[in-house]
Amino acid sequence: MHEEFCDFPDYEEYISPFAFTPQILSRLIDSKDVNLLKNIDGVEGLLTGLRTNSKTGLSSNETTLSPFTSDDIVNIEVLEGHDKNSQLQSSDISKNTSFYHRIKIYGRNVLPTKKQKTIFQLMWIALQEKIIILLAIAAILSLGLGLYEDFGVKHEDEEHKPKVSWVEGVAIFVAIFIVVLVSSLNHWQKLQDRDVKAIRDGKEFLLSVYNILVGDILKLEPGDIIPTDGVLIDSYNLKCDESAATGESDAVRKMNCEDCLKALEKNVEYDPSILSKIDPFVISGSKVLEGVGSYVVTSVGVNSYFGKTMMALRTEPEDTPLQKKLSKLADDIAKLGGGATLLMLIVLLIKYFISFNFGIPNTTSIIQSLIRILTSTVALIVVAIPEGLPLAVTLALAFATTRMLNGYNLVRVLSACETMGGATTVCSDKTGTLTQNNMSVVTGTIGLTLNFLKDLARANDFSIPNLNRPISLQKLKETLSPVIMNLLEESIVINSTAFENVSGNGQITFTGSKTETALLSFLVDMDRKNFMDLRKIKPIQVFPFSSERKAMGVVIERKVKMRFYVKGASELLLEKAKFIVNLDLSEDEVSVYSNLTEENITALRQIIENYAHQSLRTIFMGYCDFNEWPPSGMNVVVREITFDDLVKNVILLGVVGIEDPLRDGVREAVQDCNRAGVKVRMVTGDNIMTAKSIATQCGIYTDGIVIEGHEFRNLLPDEMNIVVPNLQVLARSSPQDKKILVEKLRELGEVVAVTGDGTNDGPALKAADVGFSMGIAGTEVAKEASSIVLMDDNFSSIVKAIMWGRSVNDSVKKFLQFQLTVNLTAVLLTFISAVSSDQQEAILSAVQLLWINLIMNTLAALALATDPPTPDLLKRKPEARSASLISLDMWKMILGQCAVQLLVTLILLYCGNDILDYDTPEEKSSLPTIIFNTFVFLQIFNEINSRRLNDKLNIFKGAFSNKYFIVIFSFIITGQIIIVTFGGTVFNTQKLNIVQWLLCVGLGFSSVLFGALIRLIPTQNLSWVAKLKKCLGGKKGEHQERTSNDISSAYFNQEGKEAKKVKKEVKEHVDADDRIEIVLD
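For the structure given in this document, a descriptive report is provided here. If you're wondering where the values come from, they're calculated on a predicted model, not measured in any experiment.

## Regarding the overall build of the protein chain
Across its full length, the protein chain holds 40 helices and 28 strands. Expressed as a percentage of the 1081 residues in the protein chain, the buried residues total 53%. Contacts spanning at least 24 positions in sequence make up 73% of the contacts within the protein chain whose residues lie at least 6 apart.

Right under this line is the structure:
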């Protein structure tokens, strides 16, 4: 059987040469199932089942392997759930390829490239837009009839008439191609390769992460980002930060597989607290904090923990508000255009057949007349469809994304630009986004009597009753006794994971947690020397920082006793403290502290609150001594002593205040958001007082609700409907709290933008309308889940994104206002002139319509899409999701301009010869050219008119600063002059004299004058326009959508029992200033 299998690689029943399926190995890691690991005989059974060796690794000569049988392994339970026909990971490799079976079963360490669509697939998707489909239909009809008109019918004046009827259809196809191509060129990403240390053939070498296979032996060192899942073979003091993978910020202590199995044997009662500490598993996406080790790879690519997370984030984006509105507009245009075309066809056919009363023409003449009528109707529908609109949207988005990069916004999802224009709320992180993430110790209290300040000029800000006036940092080291100074230095240096770096110029810097680097810099500010030498003292046990306990600790040996140093959140550790250092007592370590009284605790709480109100992060530093180790009477669990046991009798050394200054421009940026109707909410892990203080400084907190995460997530749905609209600060929050907030805001009708930097922020970033990840501090998963990457991690860049988003929406609307005016006027002019003509021909020829409807409008799209954003964009409220794409002001201008332009052209058409006193055939033959030229100049000047969407009269504001607009505007005028002067028979034009040119330009400029008059008409008085807008623009008007505040107000106005009950519960939290504020007691 084995030989047959080897001879026939395509044998229909593939038998795996390995003992484990990818599913079993994934289950092993996902659930961290130590019992399953025990059942497969630990790491030895794992290595055997994966055909690898802990010392030599994989063999590069591995090609084919014989199938694995149960006789080859120690414990038959390995094969539980083993499916010989389990889904193969790769089927497109040759059997002669190295590691053929390994790749076939377990795959490679790469994710499917999102089925990275080819340029042709992307173009096909773009072609399925409704408005593109309309254009394609019009192009096919126009091209077919044009070809027939030019080559299928013989004309009497064929020698003199150019064969250009087909040009219209081809030109529309060109427009479609440009739109589709530009839309498709925005989706290219590159993989970032890196190398890891691996063992193969008994040798250690660097291996690309994309070449790692299941069974490889990889080395781990501090700072490594773990590329795959696996099980530890050996390790020394290994600790991993799995926050980037699991969201848990605790540093996780890893044990090699052998030690874990021994611990499991001792835990006969399967105590969950013990099981949780037995962890020989390494998770992809996590980071090695300290220690070294090696592990065997068990899952790669889509089967790894990191791979599954990344794949879960690959969802198809929803249509944006603008896309939905454009889709509806395309439907409306199709209906109206089709109706107008059908009506024109019926009228022309009726008129033509009525002419049979004067004699029936021959068959050839009838066919030619019917073709001419059909051509006129196709020209009408071509004119009716705004083929420049998709191009305008594409150009506006492409232009915006390019310019946004200069504003430190890297746009990953193109539609996020315009979505940000309608954003109504931003949920922002604090650290690094609103603040500089550049922390420093600015004040503190040692014991309860010594207060110090980095800048004595700020003494009034930190004035605390019953506390001595602060001293400077320089005096602090002189004032403190050697014993206290030693305690302070050891507490900061030894109980820390930050480390020292020396730059090329000899300057000392610190790398690590910003809080810990701030404390080390504090010693530098005191001019302390060689304090890092204290790191030579090796800790006996380390308790890394935990988000649950908000503290960290370390145990060291001091002469005849053990000392436990602890630091963390002041308000939490103060509850554990029993003693406090007393600077007035003797200087020996035995009598340096005294009991912590209730009076002392009250004073310390006052200090902590004072620091927090100054937006400082307060850090408690303390210690505790033990005469023996392990301390008697304490629970020893898997070689560890619980943190809670050690922290019971802590001696308070001091409390320091760490400042993280606000970023420059944050206050102004928040003010801009508020002025723009975008509500900013702070979501932070800081304590509620610090969060509230910083939010107040930023201008985020005014009179809204401040609530802590654990209380927020436990609110009932009805309570949340009341709290969320007025929520301004969410403190002590978790990533799940952020996701709950985002989902609730969207449920209440808000357009939500949210920031995030960790992998655990991925769900919230994905749930938001626009997710902003951090370019500097953000993880790869956060960036993958986001729509926009903030390259500078700065909140001010979000404001730029809002401005560009609104600019994109305005650009589309400007062009839409201009395009619909041209199309509506051209449709009516074509209809009226064709129906009234004896030859059933419109006044504007097909080629003239080509210039008007395609070339000029395409150029206009580029001109109107390149207006940069201005601060005025932030002076208005965001539009609701269901607001009409065409506003009431736009309808007023479209209909007003259409009436003016139609009036001017029809007067010229029917009364032009009389008004201009044209009598000779030569003069009369120039009238169609004058009408065409006037019509074009009406559109040219209306392009300037369309730069303003509101009732402001200064339409030239900013026009001369947009070089694209000036160049394109000049090009259109130049093109029109060339067409009229040299177009001849192709464009059906003839040369005009200077008086005729002045007449055309003057009549064209009237669109600017009438535009000013139309702007003076009060919009609110045009009720009939409002009704028309409601019919054509959507189900609801701009101000009809219910936002979260509307829902909140409506809820408060309900008279139901439940509403009254919730109102009573919430109002119980109203503070002295009548502001709703929910806090923890």
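## Quick word on the pattern of salt bridges
Side chains that differ in charge, positive against negative, can pair when their charged atoms come close. Throughout the structure, instances matching the rule amount to 24 salt bridges. Residue K648 is joined to D645 by a salt bridge in which the shortest nitrogen-to-oxygen separation is 3.7 Å. Of the charged contacts, one joins R675 and D672 as a salt bridge, the two residues approaching to 2.5 Å between their closest N and O atoms. With R675 and D672 both in helix 23 (residues 666–675), this residue pair falls 3 residues apart, about one helical turn.

## Some remarks on helix 34 (residues 927–945)
Because the α-helix completes a turn every 3.6 residues, residues three or four places apart line up on one side. With 19 residues, helix 34 extends 26 Å from end C-alpha to end C-alpha; this agrees with the ideal 27 Å at 1.5 Å per step. The buried count for helix 34 comes to 18 of 19 residues, which makes it a mostly enclosed element.

## Details of a negative patch on the surface
Together, D914, D917, D919, E922 and E923 make up a negatively charged patch on the protein surface. Along the polypeptide, D919 turns up in the loop between helix 32 (888–915) and helix 33 (921–925).

## Points about the pairing of strand 10 (residues 440–446)
Across the 7 residues of strand 10, 6 count as buried, placing the element largely inside the fold. Here 6 bridges tie strand 10 to strand 22 (residues 650–659), and the two strands are oriented antiparallel to one another. Bridge pairing links T445 to V655 in strand 22. Across 4 bridges, the pairing between strand 10 and strand 11 (residues 450–453) is antiparallel. Counted as the bridge partner of T443 is L453 from strand 11.

## Topic: the packing of aromatic side chains
Using the criterion set out here, one finds 14 aromatic pairs in the structure. When the ring of Y352 is compared with that of F356, the centres are 5.2 Å apart and the planes differ by 75°; the resulting orientation is edge-to-face. Ring centres of F543 and F643 lie 5.7 Å apart, and the angle between their planes is 70°; on these two criteria the pair is classed as edge-to-face. On the criterion of sequence distance, the pair formed by F543 in strand 14 (residues 541–546) and F643 in helix 22 (residues 643–646) is long-range, its members being 100 residues apart. You can call F543 buried: its relative accessible area is 4%. In this structure an aromatic cluster arises from ring pairing among F937, F941, W997 and F1005. Between the NZ or CZ atom of R947 and the centre of the ring of F965, over which it lies, the distance is 5.4 Å. The cationic tip of K963 hangs over the ring face of Y964; the distance from NZ or CZ to the ring centre is 5.8 Å.

## Observations concerning helix 26 (residues 717–726)
The element helix 26 is extensively covered by neighbouring structure, given that 7 of its 10 residues are classed as buried. Those residues of helix 26 that fall on the buried side of the exposure criterion are E719, M720, N721, I722, V723, V724 and P725.

## Section: the sheet that holds strand 27 (residues 770–774)
Strand order in the open sheet made by the 8 strands is 8-28-27-26-9-23-25-24, with mixed pairing throughout. At either margin of the open sheet sits one strand with a lone partner, and together these are strand 8 (409–411) and strand 24 (705–708). With direction set aside, neighbouring strand axes in the sheet form an average angle of 20°. Taken together, the 3 bridges between strand 9 (residues 425–428) and strand 26 (residues 752–756) define a ladder with parallel strand orientation. What sits directly across from V426, in strand 26, is A753.

## A short note on the packing of helix 32 against helix 37 (residues 994–1015)
Helix 37 packs onto helix 32 with a crossing angle of 145° between their chain directions and a minimal axis gap of 10 Å. Viewed along their axes, helix 32 and helix 37 form a crossing whose handedness is right-handed. Contacts between helix 32 and helix 37 pair K892, M893, G896, Q897, V900, V904 and L908 from the former with L1003, S1007, F1010, G1011, I1014 and R1015 from the latter. Here the residues of the contact of helix 32 with helix 37 sort into 7 nonpolar, 4 polar and 2 charged.

## Some thoughts on the environment of T821
Topologically, T821 is positioned in helix 30 (residues 795–836). The class for T821 is buried, based on a relative accessible area of 0%. Measuring from C-alpha to C-alpha, the distance between T821 and C898 comes to 5.7 Å, with 77 residues separating the pair along the chain. With near-sequence residues (within four places) excluded, T821 lies in contact with I894, Q897, C898, Q901 and N942. In terms of polar contacts, T821 uses its side chain to reach the backbone carbonyl oxygen of Q817, at 2.7 Å.

## Describing the nonpolar core
Among the nonpolar cores identified, the biggest contains 115 residues, and M420, F772 and F795 are the most heavily contacted of them. Residue contributions to this core peak at 18 residues, all from helix 30. Built from parts of two domains, this core gets at least three residues from each of domain 2 (320–381 + 811–1021) and domain 3 (409–435 + 663–793). Contacts of M420, omitting those with residues within four sequence positions, involve A753, V770, F772, I788, I798, A801, I802 and G805. In this structure, L25, L36, L46 and V297 belong to the second largest nonpolar core, which totals 49 residues.

## Quick notes on unusual backbone geometry
Even without being glycine, D793 reaches a positive phi, approximately 55°. Tracing the chain through its elements places D793 in the loop between strand 28 (788–790) and helix 30. D793 gets classed as buried once you look at its relative accessible area, which sits at 6%. For D917, which is not glycine, the phi dihedral falls at a positive 60°. Note that D917 resides in the loop between helix 32 and helix 33. Under the relative-accessibility criterion, D917 is labelled exposed at 52%.

Cut-offs and rules
Residues numbered from 1 in each chain as written. Predicted model: local features only at pLDDT ≥ 70, side-chain atom pairs only at ≥ 80, totals over all residues. Heavy atoms only, no water. Helix = DSSP H or I, 4+ residues; strand = E, 2+ residues; numbered from the N terminus. Buried < 20%, exposed > 50% of the residue type's maximum accessible area, 1.4 Å probe, protein only. Contact = heavy atoms within 4.5 Å. Salt bridge = Lys/Arg side-chain N within 4 Å of Asp/Glu carboxyl O. Expected span 1.5 Å × (residues − 1). Patch = residues over 30% accessible without salt bridge, like charges linked within 9 Å, V, L, I, M, F, W, Y side chains within 5 Å. Areas by Shrake-Rupley, 256 points an atom, 1.4 Å probe, with all protein chains shown as cover. Lys, Arg positive; Asp, Glu negative; His and termini not counted. Charge placed at Lys NZ, Arg CZ, Asp CG, Glu CD. Pairing = 2+ DSSP bridges. Phe/Tyr/Trp six-rings, centres within 6.5 Å; stacked < 30°, edge-to-face > 60°. Lys NZ or Arg CZ within 6 Å of the ring centre and 35° of its normal. Axes fitted to C-alpha atoms, helices over the stretch in contact; angles between N-to-C directions. Left-handed = near helix turned anticlockwise from the far one by under 90°. Nonpolar A, V, L, I, M, F, W, Y, C, P; charged D, E, K, R; others polar. Polar contact = N/O pair within 3.5 Å; in protein donor to acceptor, adjacent residues only side chain to side chain. Core = buried A, V, L, I, M, F, W, Y, C linked by side-chain atoms within 4.5 Å. Domains from an automatic or database assignment.

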